[in-house]
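Observations on chain architecture
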Amino acid sequence: MKTLVNWLLRLYPRSWLDRYETEFRTLLDDAMLSWIDVIDVFKEGVIMRLTTGLALQSGAFGFAAMALAGAALWFAPAPYESHAVIYTRSAILGVPKTPDQMRVLTQRAMSEKRLANIIDEFDLYPDLRAKGESEKAITTMRGNIRISSRFPRPESVVTSVSFSDASPDAATKVTKALVTGLMDEHVRLEESDREASGILPGRASATGTVELILPASSGELAARPKPAILVSLALVEGLQLGLIVALLRGRRSAGSAQ
Amino acid sequence: MLDPSLLVLSSLAECDKHGYAIMMDVETFSGIHLGPGTLYGAITRLEERKWIRALDSDERRRPYRITAEGRKHLKEQLLTLDRTAKVGLDRLRRI
């Protein structure tokens, strides 16, 4: 317990230790310390830190983080987003659409080759391509694509597609291209299901549907977190970082003084 | 509920004492255990306000003495507490 208390002394400001350390250590040696006393030493150390330079250092970090967040918001290009919705109903009764099928289908629609074609066609990420970083361009593009599926009925699936970009025009065009790719994949899946059902007579019914129920919208400003929330979060994170840095600095100076 | 500074001043009102002696004395007369951190936090504040002063000592244990300003402050605080206690007890008796 003494070792722990000695370690906790590192929490105390250097100036305080210069004045009181000897007698405080003597008191700690004299007293029969309980866990409550250990907590008390910790609590007082934190209070002293907070009422000395620690608050100032944390505050500086907090304000710096807040300023950075503000600058990032100010200079970051506003992303535009376009989205579309596809509805698919299977022609094969009793063959439900599954999340696994949709995952495979999405992977095919977002294959490297297909995305590379779209990037070339719409001249996306010119800076990266000029540097020959095509793979990075594809990774960036993947990060800007959102595809999700839900299943209102076992044999039907609603797929939402969206793409965000600094240009509203590019956002719309790419979303259209992605939708085309996804619809092709849906049709292909439908055909393979139909072939499979041929093995089991009587399971094929009326024709299936692959329908674009919401065409790619024109690029709109994407929903972003409110600036006030972002800046507040940056302030809190900065304060935390400042606290850690100040404590580590205090620890180092206490360590070197021993 | 009592302010640690008040407990330390009350202890030093009797005679000069070092940290451990203050801790023991406070525990004896009030039944309150002052943790080491709390005790030295109070000593630090009292010394800053010049209500106590450290005495020279060759030993590792440094004794403290209450100053005239410290006595004045302690008296004021205790009188306020005394009035509050009397009123509170009187009101409790009426219930």
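From a predicted model like this one, the values you see are computed outputs, not experimental measurements.

**As for the pairing of strand S3 (residues 156-165) of chain A**
Working note: regular strand, side chains alternate between the two faces of the sheet. Residues and elements named next belong to chain A. Burial runs high along S3: nine of the ten residues are buried. When strand S1 (residues 80-89) meets S3, the two strands line up antiparallel, connected through ten bridges. From the neighbouring strand, histidine 83 faces S3, where its bridge partner is serine 162. Bridging between strand S2 (residues 145-153) and S3 involves seven bridges; their strand directions are antiparallel. Bridge pairing in S3 places arginine 153 opposite serine 156. Taking the residues that link successive antiparallel strands as the turn, the S2-S3 hairpin has two residues.

**What to know about unusual backbone geometry**
Residues and elements named next belong to chain A. The phi dihedral of aspartate 123 is positive, around 55°, even though this residue is not glycine. Structurally, aspartate 123 can be placed in the loop between helix H6 (112-122) and helix H7 (126-130). Backbone geometry at tyrosine 125 places phi at a positive 45°, although glycine is not the residue there. Position of tyrosine 125 among the secondary structure elements: in the loop between H6 and H7.

**Details of the interface of chain A and chain B**
Each partner contributes residues to the interface: chain A has 21 residues there, and chain B has 20 residues. Between chain A and chain B, roughly 1,600 Å² of surface is buried when both sides are summed, and carbon and sulfur atoms account for 54% of that area. Counting the surface chain A buries against chain B, the share from its top three residues, A:Glu23, A:Leu27 and A:Asp30, is 31%. Connecting chain A to chain B are five salt bridges. With a shortest N-O distance of 3.0 Å, B:Arg62 and A:Glu23 are connected by a salt bridge. Our enumeration of links across chain A and chain B arrives at 13 residue pairs in polar contact (both at pLDDT 80 or more). If you list the elements that add at least two residues to the side of chain A that touches chain B, you get helix H2 (14-30) and helix H3 (35-50) of chain A. No other element matches the twelve residues that H2(A) contributes to the side of chain A that touches chain B. For the side of chain A that touches chain B, the per-class residue count stands at ten nonpolar, two polar and nine charged.

Rules behind the numbers
- Along each chain, residue indices are assigned from 1 in the same order as the chain's sequence is written.
- The order in which chains are written sets their letters, starting at A; the order in which ligands are written sets their numbers, starting at 1.
- Given that this is a predicted model, residues contribute local features only at a pLDDT of at least 70 and side-chain atom pairs are listed and counted only at 80 or more, while totals for whole chains, interfaces and linings are drawn from all residues.
- Only hydrogens and water are removed before side-chain values are computed, so all heavy atoms of the structure are retained for them.
- Throughout, exposure labels follow a simple rule: accessible area from a 1.4 Å probe, protein chains only, divided by the maximum for the residue type, with under 20% read as buried, over 50% as exposed, and the rest as partly exposed.
- Strands here are runs of E lasting at least two residues and helices are runs of H or I lasting at least four, both read from the DSSP assignment and numbered beginning at the N terminus.
- Should DSSP find at least two bridges between two strands, the strands are taken to pair.
- Whether two residues are in contact is decided by their heavy atoms, any of which lying within 4.5 Å being enough.
- As used here, buried area is the combined drop in accessible area, with a 1.4 Å probe, of two parts when they are placed together.
- For this analysis, a salt bridge means a side-chain nitrogen from Lys or Arg found within 4 Å of a carboxyl oxygen belonging to Asp or Glu.
- Side-chain atoms alone can form a polar contact between residues adjacent in sequence; in general such a contact is a pair of N or O atoms within 3.5 Å, and within protein one must be able to donate a hydrogen while the other accepts it.
- Just so you know the grouping, Ala, Val, Leu, Ile, Met, Phe, Trp, Tyr, Cys and Pro go in nonpolar, Asp, Glu, Lys and Arg go in charged, and all remaining residues, Gly too, go in polar.

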